[in-house]
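These are the residues of each chain, in order.
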Amino acid sequence: MSEHPRLRLDGVRQTFPVRDSRGRPGPPLTALDDVNLDVGASEFLTLVGPSGCGKSTLLDLLGGLARPTGGRILLDGRPVEGPGLDRGLVFQQYALLPWRTALDNVAFGLEAKGLPRRLRAARAREYLALVGLEGFADRYPHELSGGMRQRVAIARSLAFDPEVLLMDEPFAALDAQTRESLQDELRAIWLRTGKTVLFITHGIDEAVYLGQRVAVMTSRPGRIKSVIDVDLDRDASRDPRSDPAFARYRNRVWQELHDEVALARRSEFAPVPSEADRG
């Protein structure tokens, strides 16, 4: 990894207050502890871990939606201290504004940049075309399928030209065929735009298919257990998932995850504050 990564997590720690059934404070819950990870410019890195390990908490910190208890998060060497247009977020829930058309949803982030209306519309149409929705600019979210709504969400995040795209299980709620189609489309968009992407997923196949590297997290408190380089033949004439190397990478990731999943299951009934760790 470069000496100056696009994104750096340096000893990141996150704790949450816990109270017992009588409302008395107890020992804090540690969701993340000493997380260290570098993501290079234009890299596509996927992140997997057992349920409750802090993946979504980590994404909230990266997005500036919360401050870490300890450690630093740096973007191009500058501390992340809050939300910003240098990061685009895409969640499992599409979070589209139901009263806005697809075009106006994509243009929403551009308003914060102060672009004139005509330029906003032109840019929004450009990014709708990028995700294959050029004919759906005037449709409202309720008129679009789940996969189409997620395409709009991706276009909205790309339109204001962020440095980093942060994605939290964006395809988890979709059917298998739509999910694979959007995986292909996202990878093609990444190749065209050169964005830095950090993609959180529960799916090992998805992580190996999309990622240049796969970072594996431990059970709670979440740490980076290992980072696996993925070197697949991605010739357009064949599906990398049919490559024997794909199965080997998948097995390697699963071996790293196996013990962590078992640990997470044993502790899944431990008390956790509702707002603490959505990962």
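Refer to the structure above for everything that follows.
In what follows, the accompanying structure is described. Counting restarts for each chain, with residues numbered from 1 along the sequence as it is written. In view of the model being predicted, local features appear only for residues whose pLDDT reaches at least 70, and side-chain atom pairs are presented and counted only at 80 or more, with totals across whole chains, interfaces and linings using the full set of residues. Only hydrogens and water are set aside when side-chain values are computed; all heavy atoms of the structure are taken into account.

1. Focus: the sheet that holds strand β9 (residues 213–217)
Part 1 of the argument: At least two DSSP bridges between two strands are needed for those strands to be called paired. Strands here mean DSSP runs of E at least two residues long; helices mean DSSP runs of H or I at least four residues long; both are numbered from the N terminus. Spatially, the 6 strands line up as an open sheet ordered β6-β7-β8-β3-β9-β10, and their pairing is mixed. Two strands close off the open sheet at either side, each with one partner strand: β6 (87–91) and β10 (224–229). Pairs of neighbouring strands in the sheet enclose a mean axial angle of 15°, with direction left out of account.
Part 2 of the argument: Contacts: residue pairs with any heavy atoms within 4.5 Å of one another. The axes are straight lines fitted to the C-alpha atoms, using for helices just the contacting stretch, and the angles between their N-to-C directions are given from 0 to 180°. Against the sheet, helix α7 (residues 244–266) engages β3 (44–48), β9 and β10, with an angle of about 175° to β10.

2. A few points about the sheet that holds strand β2 (residues 29–39)
Part 1 of the argument: With antiparallel pairing, the 4 strands of this open sheet are ordered in space as β2-β1-β4-β5. The sheet is open, and its two edges are formed by β2 and β5 (78–79), each paired on a single side.
Part 2 of the argument: Bridge count between strand β1 (residues 7–16) and β2: 7 bridges; the pairing is antiparallel. What sits directly across from Thr-15, in β2, is Thr-30.
Part 3 of the argument: Sitting on the sheet, helix α1 (residues 55–62) is in contact with β1, β2 and β4 (70–75), with an inclination near 120° to β1.

3. Observations concerning the pattern of salt bridges
Part 1 of the argument: Whenever a carboxyl oxygen of Asp or Glu lies within 4 Å of a side-chain nitrogen of Lys or Arg, that contact is scored as a salt bridge. Taken as a whole, this structure holds 16 salt bridges when the rule is applied.
Part 2 of the argument: For Glu-260, the salt bridge identified is with Lys-225, shortest N-O distance 3.2 Å. With Glu-260 in helix α7 and Lys-225 in strand β10, this pair connects stretches of sequence that are 35 residues apart.
Part 3 of the argument: Given a relative accessible area of 35%, Lys-225 falls into the partly exposed group.
Part 4 of the argument: With a closest N to O distance of 3.2 Å, Arg-241 and Asp-239 form a salt bridge.
Part 5 of the argument: Under the relative-accessibility criterion, Arg-241 is labelled partly exposed at 21%.
Part 6 of the argument: Connected via shared salt-bridge partners are Glu-180, Asp-184, Asp-239 and Arg-241. A simple rule labels every residue: compare its accessible area, found with a 1.4 Å probe on the protein chains alone, to the largest value its type can have, and call it buried under 20%, exposed over 50%, or partly exposed in between.

4. As for the environment of Ala-188
Part 1 of the argument: If you trace the backbone, Ala-188 turns up in helix α5 (residues 176–193).
Part 2 of the argument: With 57 residues separating them along the chain, Ala-188 and Val-131 place their C-alpha atoms 9.6 Å apart.

5. Some remarks on the layout of surface pockets
Gaps left between atoms are located by rolling a probe of water-molecule size over the structure's atoms.
Part 1 of the argument: Grid points spaced at 1 Å and placed over the protein atoms alone form the basis of the search, with a cavity being a set where a 1.4 Å probe fits but cannot get out and a pocket an open set showing protein on both sides within 12 Å along at least five of seven lines. Lining residues have an atom within 4 Å of a point. Grid points are joined across faces, edges and corners, and a volume is the space filled by probe spheres set on the points. Estimated volume of the largest pocket: approximately 340 Å³.
Part 2 of the argument: The wall of the largest pocket is formed by 18 residues, among which Arg-87, Gly-88, Leu-89, Ser-157 and Phe-160 lie closest to the centre.
Part 3 of the argument: Sorting the residues of the lining of the largest pocket by element identifies β6, α2 (102–112) and α4 (146–159) as the ones contributing at least two each.
Part 4 of the argument: Gly is put with the polar residues, along with every residue not named as nonpolar or charged; the nonpolar set is Ala, Val, Leu, Ile, Met, Phe, Trp, Tyr, Cys and Pro, and the charged set is Asp, Glu, Lys and Arg. Among the residues forming the lining of the largest pocket, the class breakdown is 10 nonpolar, 6 polar and 2 charged.

6. Remarks on a negative patch on the surface
Part 1 of the argument: A surface patch of negative charge is lined by Asp-229, Asp-231, Asp-233 and Asp-235.
Part 2 of the argument: With respect to the helices and strands, Asp-229 occurs in strand β10.
Part 3 of the argument: Its relative accessible area of 53% is what places Asp-229 among the exposed residues. The residues that make up patches have over 30% relative accessible area and no salt bridge, and they are joined within 9 Å when like-charged or within 5 Å when they are Val, Leu, Ile, Met, Phe, Trp or Tyr. Surface exposure here means Shrake-Rupley accessible area, sampled with a 1.4 Å probe, where a residue is shielded only by the protein chains that are shown. Think of it this way: Lys and Arg go in the positive column, Asp and Glu in the negative one, and His and the chain ends go nowhere. By convention, the point assigned to a charge is CZ for Arg, NZ for Lys, CD for Glu and CG for Asp.

7. Some points on empty space enclosed by the protein
Part 1 of the argument: Following the criterion strictly, the structure yields 1 cavity of 30 Å³ or more and no others.
Part 2 of the argument: Its boundaries defined by the atoms lining it, the largest cavity holds a volume of some 30 Å³.
Part 3 of the argument: If you trace the largest cavity, you find it lined by Val-131, Arg-151, Ile-154, Leu-182, Glu-185, Leu-186 and Ile-189.
Part 4 of the argument: When residues of the lining of the largest cavity are traced back to their parent elements, those giving at least two are α4 and α5.
Part 5 of the argument: It is α5 that provides the largest number of residues to the lining of the largest cavity, a total of 4 residues.
Part 6 of the argument: Counted by class, the lining of the largest cavity contains 5 nonpolar, no polar and 2 charged residues.

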